[in-house]
Amino acid sequence: MSLTFSLRNPVGKTSETLDHGIVMPGTNGKAFILVHGLTGAPNEMSFIAWYLNSEGYTVHCPRLAHHGEPMQVIKEAHWEEFYQSVKDCFIEVHKTCKVVYVGGLSMGALLALELAAEFPNEVAGVSCLSPTFFYDGWNVPWYQMLLPLVAYTGFGNYFYFKEQPPYGLKSERLREKVHAYYQHASLSDLNEVEKYGYPFFPVRLLVQLKQLIRHVKPRLRLVTCPCQVIQARQDDMSSPKNAVFVIDNVSSKRKEIFYLENSYHVITADQERGKVGKSIVDFFNQEAARG
């Protein structure tokens, strides 16, 4: 990542193609809510959504609050608003489907865990994909730990991370596609943001992320449903320490870690995305078979 400073408040328009997310009706009477990451988009969950839907699941990938809106809007957002997007989706889905699973990527995994903690008797299971309680991957800059201090000052409004390769992707083909967009992106450019997410990460949002982490950590003990963590050993953003932390702290009787050997952080789109989909289906099908 590189750090960008701008005294000008980014100006941009909400994408005209912005939607509320992905919805795929299923056939097996069960639903799966998939939660994208911070400054990401539902599109990063599209392959896993397709995979689960092909297995009969109704799938919902809600767009988190303010994602896809201009930079000056999302940088003022709060983690509670992101969580409310997930909670609202769950409440609506649960009206018509009594077996509802939830999974999330990166920050989305934390939101999924929070949902399982708040609704321990209603959430049927949770799948954590590259959870990020600690940003300690091999590509995280050393100064990242200092940025929350900057964010608490007035200067936090003017600093942004500019995404740099490998963008959480080990797949060279996908990395080239993302790079073609990111290398020419500007703070006010929202073209294809619904497809690739934001090319810039407001430092101000780090405060919200840290607050979410502090909120969820002590509540992991409230998670009692079956819990799966899928983690790339070479994750460039969050090391396997995160997977172990989740498993060690949830109260689930059935829990497991599934490691990937040929992926980076965005495992829902990277080279082993098929293994991710299969692992999710196998884990919860086995749970259903247990009765």
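Read on for an overview of the structure. The shown structure was predicted, so the numbers you read here are calculated from the model rather than taken from an experiment.

A short note on the overall build of the chain
No. 1: For the chain, the count of helices and strands is ten helices and ten strands.
No. 2: Within the chain, residue pairs in contact and separated by at least 24 positions form 78% of the contacts whose partners lie at least 6 positions apart.
No. 3: Carbon together with sulfur atoms contributes 53% to the accessible area of the chain, which is approximately 12500 Å² in total.

A word on the packing of helix α3 (residues 79-94) against helix α8 (residues 204-216)
No. 1: In contact at an axis separation of 9 Å, α3 and α8 are set at 60° when each is read in the N-to-C sense. Listed contacts from α8 to W79, E80 and F82 of α3 are L205, Q208, Q211, L212 and H215.
No. 2: In terms of residue class, the contact of α3 with α8 is built from four nonpolar, three polar and one charged.

Section: the pairing of strand β6 (residues 123-129)
No. 1: Summarising burial for β6: six of the seven residues are buried, a large majority.
No. 2: By the bridge criterion, six bridges tie strand β5 (residues 99-105) to β6 in an arrangement that is parallel. Following the sheet pairing, L105 is matched in β6 by L129.
No. 3: Handedness of the β5-helix α4 (residues 107-118)-β6 crossover: right-handed.
No. 4: Of the strand pairs in this sheet, β6 and strand β9 (residues 227-232) are connected by four bridges, and their pairing is parallel.

Looking at the packing of aromatic side chains
No. 1: Overall, the coordinates contain 16 aromatic pairs when judged by the stated rule.
No. 2: With a centroid separation of 5.6 Å and 40° between ring planes, the pair formed by F47 and W50 is classed as tilted. Of this pair, F47 and W50 both sit in helix α1 (residues 46-54), separated by three residues, roughly a single helical turn.
No. 3: Since its relative accessible area comes to 49%, W50 is described here as partly exposed.
No. 4: Their ring planes at 80° and their centres at 6.3 Å tell us that W50 and Y51 sit as a pair that is edge-to-face.
No. 5: In this structure Y51 comes out as buried when scored by relative accessible area, which is 17%.
No. 6: Pairwise contacts between aromatic rings join F32, Y57, Y101, F283 and F284 into one cluster.
No. 7: Across from the ring centre of Y259, 4.0 Å away, lies the NZ or CZ of R233, which sits over that ring.
No. 8: The ring of F283 carries R254 above its face, with NZ or CZ at 4.1 Å from the centroid.

Procedures and definitions
Residues numbered from 1 in each chain as written. Predicted model: local features only at pLDDT ≥ 70, side-chain atom pairs only at ≥ 80, totals over all residues. Heavy atoms only, no water. Helix = DSSP H or I, 4+ residues; strand = E, 2+ residues; numbered from the N terminus. Contact = heavy atoms within 4.5 Å. Areas by Shrake-Rupley, 256 points an atom, 1.4 Å probe, with all protein chains shown as cover. Axes fitted to C-alpha atoms, helices over the stretch in contact; angles between N-to-C directions. Nonpolar A, V, L, I, M, F, W, Y, C, P; charged D, E, K, R; others polar. Buried < 20%, exposed > 50% of the residue type's maximum accessible area, 1.4 Å probe, protein only. Pairing = 2+ DSSP bridges. Right-handed = clockwise from strand over helix to strand, strands pointing away. Phe/Tyr/Trp six-rings, centres within 6.5 Å; stacked < 30°, edge-to-face > 60°. Lys NZ or Arg CZ within 6 Å of the ring centre and 35° of its normal.

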